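This is what each chain is made of:
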Amino acid sequence: MSSQLLWSVLRKNSCFLVKTRNAQGAEFSCEKGNLTNKNNFKYSGLSNEKAVDIAEVEGGVELSVKSGKEGALTKPKKTWNKTGLKRNTRRTVRVVKNALKGYRSDLSADA
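Residues numbered from 1 in each chain as written. Predicted model: local features only at pLDDT ≥ 70, side-chain atom pairs only at ≥ 80, totals over all residues. Heavy atoms only, no water.

**Topic: the sheet that holds strand β5 (residues 80–85)**
Working step 1: Spatial ordering of the open sheet is given by β3-β4-β5, a layout of three strands whose pairing is antiparallel. The sheet is open, and its two edges are formed by β3 (52–57) and β5, each paired on a single side. Neighbour-to-neighbour, the strand axes of the sheet open up by a mean angle of 20 degrees, direction not taken into account.
Working step 2: Here β3 runs beside strand β4 (residues 60–66); their pairing, made up of six bridges, is antiparallel. Opposite I54, over in β4, you have L63 as the bridge partner. (Pairing = 2+ DSSP bridges. Helix = DSSP H or I, 4+ residues; strand = E, 2+ residues; numbered from the N terminus. Axes fitted to C-alpha atoms, helices over the stretch in contact; angles between N-to-C directions.)

Right, here's the structure in full:
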């Protein structure tokens, strides 16, 4: 399924969608792979084939990268490759930037 078609379905209807009640009507999304929590195609972890997630775990940081395996559509848990980073902050930032350089360079500033 194409990314654009999937985004057109998920844009207004998703269990991860959080809407505010103020006048501006900001919409946020709390799915895995969405670094900024904005409900936007660029940051969507569900509709993009390449997505990145950074989560804080006990003793360090976990970097998850979405793989593009075709057979993984029926098993969503296996689509994410996880790497634990238990180093100091400077080394962790360098590893994350190097990992995103060849994968999704547009997300390196947000990570």
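**Comments concerning the environment of S47**
Working step 1: Among the structural elements, S47 can be located in the loop between β2 (27–29) and β3.
Working step 2: With relative accessibility at 3%, the residue S47 sits in the buried group.
Working step 3: It is 7.9 Å that separates the C-alpha atoms of S47 and L10, two residues lying 37 residues apart in sequence.
Working step 4: A polar contact is formed between the side chain of S47 and the side chain of S44, at a distance of 3.1 Å. (Buried < 20%, exposed > 50% of the residue type's maximum accessible area, 1.4 Å probe, protein only. Polar contact = N/O pair within 3.5 Å; in protein donor to acceptor, adjacent residues only side chain to side chain.)

**Remarks on the nonpolar core**
Working step 1: Core analysis: the biggest nonpolar cluster contains five residues, these being V52, L63, L85, V96 and L100.
Working step 2: Not counting residues within four places of it along the chain, the set of residues in contact with V52 comprises G33, L35, L63, S64, W80, L100 and Y103. (Core = buried A, V, L, I, M, F, W, Y, C linked by side-chain atoms within 4.5 Å. Contact = heavy atoms within 4.5 Å.)

**Comments concerning the environment of L6**
Working step 1: Following the sequence through the fold, L6 ends up in helix α1 (residues 3–10).
Working step 2: Residues L6 and L46, 40 residues apart in the sequence, show an inter-C-alpha distance of 8.2 Å.

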